[in-house]
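Take a look at the letters that make up each chain.
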Amino acid sequence: CPPGYFCNSVGRSNVSGPCSAGYYCNEYGITDANFKECPIGFFCPPGSIFPTKCPLGTSGLYTRTSSIDACVKCLAGYF
């Protein structure tokens, strides 16, 4: 399976689907849709190969976020 996807079949050659929202799969041959948790300050839509950093001036407050909507504006004096 290519990065961003997982395979639950024997031989790991048939794609079962994209990695789950809130997780990322940055290696070949992943067998778990929840391979790596998206860290705080990032978001991971379904099929993510790497976490996407929240835009400048915002941050995520939780792990496993799946959308840019989870990025909230930083408090004054922080970035």
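Our structure is the block above this text.
Residues numbered from 1 in each chain as written. Predicted model: local features only at pLDDT ≥ 70, side-chain atom pairs only at ≥ 80, totals over all residues. Heavy atoms only, no water.

Chemist: So what exactly am I meant to see when it comes to the overall build of the protein here?
Modeler: Within the protein, the secondary structure is distributed over zero helices and eight strands. Traced from its N-terminal end to its C-terminal end, the protein shows the element sequence β-β-β-β-β-β-β-β. By its C-alpha atoms, the protein is 50 × 15 × 15 Å across when sized along the principal axes. Per-residue burial for the protein yields a buried fraction of 30% across its 79 residues. Summarising the internal contacts of the protein: among those between residues at least 6 apart in sequence, 29% fall at separations of at least 24. For the protein, the exposed surface amounts to about 5,000 Å²; the carbon and sulfur share of it is 58%. The averaged location of the 4 negative side-chain charges in the protein is 6 Å from the averaged location of its 5 positive side-chain charges. (Helix = DSSP H or I, 4+ residues; strand = E, 2+ residues; numbered from the N terminus. Buried < 20%, exposed > 50% of the residue type's maximum accessible area, 1.4 Å probe, protein only. Contact = heavy atoms within 4.5 Å. Areas by Shrake-Rupley, 256 points an atom, 1.4 Å probe, with all protein chains shown as cover. Lys, Arg positive; Asp, Glu negative; His and termini not counted. Charge placed at Lys NZ, Arg CZ, Asp CG, Glu CD.)

Chemist: I tried to follow the side chain of threonine 65 on my own but got confused; where do I start?
Modeler: Locating threonine 65 in the fold gives a position in the loop between β7 (58-60) and β8 (71-73). Engagement of the side chain of threonine 65 in a polar contact is seen with the backbone oxygen of phenylalanine 42, the distance being 2.7 Å. (Polar contact = N/O pair within 3.5 Å; in protein donor to acceptor, adjacent residues only side chain to side chain.)

Chemist: Before we go on, may I ask you to explain the state of the cysteines in this structure?
Modeler: In protein chemistry, a disulfide is the covalent bond that joins the sulfur atoms of two cysteines. Tallied over the full model, the rule gives four disulfides. Between the sulfur of cysteine 1 and that of cysteine 7 lies a disulfide, 1.2 Å long from S to S. Taking the torsion about the sulfur-sulfur bond, which here is approximately 80 degrees, the covalent link between cysteine 1 and cysteine 7 counts as right-handed. By relative accessible area, cysteine 7 is classed as buried at 0%. Between the sulfur of cysteine 54 and that of cysteine 71 lies a disulfide, 2.1 Å long from S to S. Looking down the S-S bond of the cysteine 54 and cysteine 71 bridge, the torsion is -75 degrees, so its handedness is left-handed. Of this pair, cysteine 54 sits in the loop between β6 (52-53) and β7 while cysteine 71 sits in strand β8, placing them 17 residues apart in sequence. Residue classification places cysteine 71 among the buried positions, given a relative accessible area of 13%. (Disulfide = S-S within 2.5 Å.)

Chemist: Sorry if this is basic, but what is going on with the pattern of salt bridges here?
Modeler: Two side chains of opposite charge can pair, provided their charged atoms sit close to one another. Within this structure, the stated rule accounts for two salt bridges. Ionic pairing is found between glutamate 27 and lysine 36, a salt bridge with its closest N-O pair at 3.9 Å. Arginine 64 is the salt-bridge partner of glutamate 37, the closest N and O atoms lying 3.2 Å from each other. You can see glutamate 37 sitting in strand β4 (residues 36-37) and its partner arginine 64 sitting in the loop between β7 and β8, a full 27 residues away along the chain. (Salt bridge = Lys/Arg side-chain N within 4 Å of Asp/Glu carboxyl O.)

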